[in-house]
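Residue-level structural notes
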Amino acid sequence: MFNPSAKLKVDPRDGKLAMAHFFVAFTALAIGGLAGLLQTLVRSGKFELPAGIGYYQILTVHGVVLGLVLTTFFIMGFQLAATSKTSGALTNKQRIAGWIGFWLMTAGTVLAAVMILLNEATVLYTFYAPLQAHALYYIGLTLVIVGSWIDGAAIIMKYAEWRRKNPGQPSPLLTFMSLVNTMMWIVATIGVASTVLFQLLPWSLGFVETVNIGVSRTLFWYFGHPLVYFWLLPAYMAWYVVIPKVIGGKIFSDSLARLSFILFLLFSIPVGFHHQLMEPGIDPAWKFLQVILTFLVVIPSLMTAFSLFATFESFGRSKGATGLFGWVKKLPWGDARFVVPFIGMVAFIPAGAGGIVNASHQMNQVVHNTIWVTGHFHLTVATSVMLTFFGISYWLIPHLTGRTLTKAMNKLGIIQAVIWSIGMTFMSGAMHAVGLLGAPRRSSYSEYGGAAQAAEWIPYQIAQAIGGSILFIGIILMIYIFINLAFFAPKGEQEFPVGEAADEAEKAPMVFENWKLWLGITVVLILFAYTIPFIDLIQNAPPGAKGYKLW
Amino acid sequence: MHMHKFEKAWLGFGIGSLLVFLTVLGVSAFYLGNQPPSCLATIDPEKVDTTVPFNEPGLKKVEGKDWDYELVYVASAFSYSPAEVEVPYGAKVKIIATTKDVVHGFEVAGSNINMMLEPGYISEHVTTFDKTGEYLIVCNEYCGVGHHMMSSKIKVVE
């Protein structure tokens, strides 16, 4: 497929917009990482927080800053850069939308951060009512979401413009993928925006006295699981499109990549009940239905796994590899742009398996709200996704700042990923193991009145602290590399790798660009999965709950 | 759209395993009755202390039901009532619990007795205690500054 922009750099003005996002993202990494380190130290029982800082306060910082701020800013920055690269520079109008989005998100982040620091919002990032935070905390998080919509509008406008100018042509793959993820994000965040605007804000401002807990949790989880796919899909973008180019191979199939993204759009959202399997108030049959819908996401994940390894193998064989696994040796094991995301892909194998346990109708009962779950998402988002984001940074940051990834930084990048893997093996491994023994998540150090069971957990908590400390070294290294690539690396040209499809003769079917169809099916699936239980939660609701500030 | 034959085989295998897995889950849920705790009963969270059976938390022998005992818990920040209870070995027990204030967890550590307690809702789980010893109940959903102090004990005795 001819791609006129293949050799072009991202427009410097768009590069600046993307870099602004990355500065916030990496600041968040530093702050959230420090909070994470402190948590593991406190939970080892060997350390206490100074100056009256609360454990649950830094837990809130950790969740908000890493789960919401770092990810949303990095993803929006990456998707804007990818769209600008593959569909051409943003128009002034689109770029202004990007900047408005960025500043709204930043203002919201600062507002939420101030409320957390003032100890007015120690409700964690899940803010489960009836724990009641200060209204400004909810407003801050709302601004982050609304800002991300306006950011996303820039991507949607660019896509629409490209389609107008290229009638009958499938859109560039990276633009297509950015668009799918943006639309999935907008559909999903309607849930959290609704509970905040219509339930939590009026309630925290004192306009209404009580809140319907069942409805607020259902709206939160309507958003809460798609959120993890919002993190994952940009990693998949890099795996599908960027990695093949980095190793010097081809994308296995352009059409299959699009199909898997469409399947993620369809199946990401009607799945939230699997987070609510242990809750009263929802009929088990509806829970089971959403369990089935959750598992359908396995299909595009398997497609992705196949596509990646097919790309690796066909590349290796084209270099003359023989035997069943001879191609493994031909991969560029010295290139951080490949190795770092590759470690992330490998981590996704146990991570995905753990996810199947979590989402299962009854197996969930053993692990629900234990620290196993924390171990699980430290493998998925904090390893698979984060290492891929770091791998993206190693070429994207210098590309945008007009610098190059030096050999030294490349090597440091690989060292960083190895340190990360070691730290995570300790921390996530210990979390998984002690979770099966019953240790709860989101809890400070406790001996539970000298209970024998709780005493068994403590060695694992020390292992978590060791892992957390190693991970923090990894974070310091990453921040160092980021600063180097943003300000100090030598000037030069760093490639933005965009892979080409192996089957160049075959055009992607235009049905993939039919958004009335796909968004229509998405809405139908959501209505199917949610309408009846949701009406039930409202009609058979108990008296509402008053607010509590228990910290 | 072209699909490579290996891709078809891989997806066929994947979707096949998925169907087997979901069938196992479905049979377990709907034929063997292993449903998650989904009690659909509600309660006024302000009146927990005066509502039967929560006015008298603790273990009670019952007659003519599918279980021998009912074990009633009231959770509030940051404790469970009762704080400790003795259950006879081998007893089939229905645990019935609710909360007076915020969302709490109810997890018998190291078992599959695990449920969310939400204001306004009653949670139930039927189980058989077929191992003697002391079991720790912990709150596994963040409920405030004393969250990690919130626990209770079940002693299973001969």
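Residues numbered from 1 in each chain as written. Chains lettered and ligands numbered in written order. Predicted model: local features only at pLDDT ≥ 70, side-chain atom pairs only at ≥ 80, totals over all residues. Heavy atoms only, no water.

1. A look at the confidence of the model for chain B
Selection criterion: Residue-level confidence of the predictor, termed pLDDT, takes values from 0 up to 100.
Averaged over chain B, the pLDDT score is 93; the fraction of residues at 70 or greater is 100%. Here the predicted complex carries an ipTM of 0.94, next to a pTM of 0.95.

2. Describing the nonpolar core
Note the threshold: In these notes, a set of buried Ala, Val, Leu, Ile, Met, Phe, Trp, Tyr and Cys residues joined through side-chain atoms within 4.5 Å is what counts as a nonpolar core. With a 1.4 Å probe rolled over the protein chains alone, any residue whose accessible area is under 20% of its type maximum counts as buried; one over 50% counts as exposed, and the rest are partly exposed. Only DSSP runs of H or I reaching four residues or more are called helices, and only runs of E reaching two or more are called strands; each is numbered from the N terminus. Whether two residues touch is decided by their heavy atoms; if any such pair falls within 4.5 Å, the residues are in contact.
With 228 residues, the main nonpolar core has Phe22(A), Tyr137(A) and Ile154(B) as its most contacted residues. When residues in this core are grouped by element, the largest group, 24 residues, is from helix H6 (residues 213–247) of chain A. In this structure, Phe22(A) is in contact with Phe74(A), Gly77(A), Phe78(A), Leu396(A), Ile397(A), Leu400(A) and Phe482(A), ignoring residues within four places of it in sequence. Core analysis: the second largest hydrophobic core is formed by eight residues, Cys39(B), Phe54(B), Val74(B) and Ile122(B) among them.

3. Overview of the interface of chain B and chain A
The condition is simple: When two parts are brought into contact, each loses some accessible area as probed by a 1.4 Å sphere; the total of that loss over both is the buried area. The salt bridge definition used is simple: a Lys or Arg side-chain nitrogen within 4 Å of an Asp or Glu carboxyl oxygen. Counting of polar contacts relies on pairs of N or O atoms within 3.5 Å, with two restrictions inside protein: one atom must be capable of donating a hydrogen and the other of accepting it, and residues adjacent in sequence are counted only when both atoms are side-chain atoms. Three classes are used, and their members are as follows: Ala, Val, Leu, Ile, Met, Phe, Trp, Tyr, Cys and Pro are nonpolar, Asp, Glu, Lys and Arg are charged, and the others, Gly among them, are polar.
Each partner contributes to the interface: chain B provides 67 residues, whereas chain A provides 74 residues. Summed over the three residues of chain B that lose the most area to chain A, namely Met1(B), Tyr142(B) and His148(B), the buried surface amounts to 13% of that side. Joining chain B to chain A, the criterion identifies three salt bridges. Glu118(B) serves as the salt-bridge partner of Arg217(A), at 3.0 Å between the closest nitrogen and oxygen. Viewed at the interface, chain A and chain B are joined by 27 residue pairs in polar contact (both at pLDDT 80 or more). At the level of elements, helix H1 (5–31), strand E7 (114–117), strand E8 (123–128) and strand E9 (133–138) of chain B are the ones that each hand at least two residues to the side of chain B that touches chain A. Among the elements that line the side of chain B that touches chain A, the one with the most residues is H1(B), at 14 residues. Across the side of chain B that touches chain A, the residue classes tally to 37 nonpolar, 21 polar and nine charged.

4. Comments concerning the packing of helix H8 (residues 284–295) of chain A against helix H15 (residues 515–539) of chain A
Packed helices, taken two at a time, are described by their axes: the angle between them and the distance between them. Residues and elements named next belong to chain A. Condition: To get an axis, fit a line to the C-alpha atoms, keeping to the stretch in contact for a helix; angles then go from 0 to 180 degrees between the N-to-C directions. Angle categories are assigned with fixed cut-offs, so that under 35 degrees is roughly parallel, over 145 is roughly antiparallel, 65 to 115 is roughly perpendicular, and the rest are oblique. Handedness of each helix crossing follows the sense of rotation of the near helix against the far helix: counterclockwise by less than a right angle gives left-handed, clockwise gives right-handed.
Running from N to C, H8 and H15 cross one another at 160°; their axes reach a closest spacing of 10 Å. By the angle class used here, H8 and H15 are roughly antiparallel. The two elements H8 and H15 meet at a crossing, and its hand is left-handed. Taken together, the residues of H15 that come into contact with H8 (itself represented by Trp286, Leu289, Gln290 and Leu293) are Leu525, Phe528, Ala529, Tyr530, Ile532 and Pro533. Classifying every residue of the contact of H8 with H15 by side-chain character gives nine nonpolar, one polar and no charged.

5. Overview of a nonpolar patch on the surface
Residue and element names in this part refer to chain A. Condition: Note on patches: the residues involved have over 30% relative accessible area and no salt bridge, like charges join within 9 Å, and the nonpolar side chains Val, Leu, Ile, Met, Phe, Trp and Tyr join within 5 Å. Here the open area of atoms and residues is found with the Shrake-Rupley method and a 1.4 Å probe, where only the protein chains shown may cover a residue.
Judged by side-chain polarity, Val418, Ile422, Phe426, Ile462 and Ile466 come together as a nonpolar surface patch covering roughly 390 Å² of accessible area. Within the residue set of the nonpolar patch, elements represented by two or more residues are helix H13 (407–436) and helix H14 (452–488). At three residues, H13 tops the list of elements feeding residues into the nonpolar patch. Structurally, Phe426 can be placed in helix H13.

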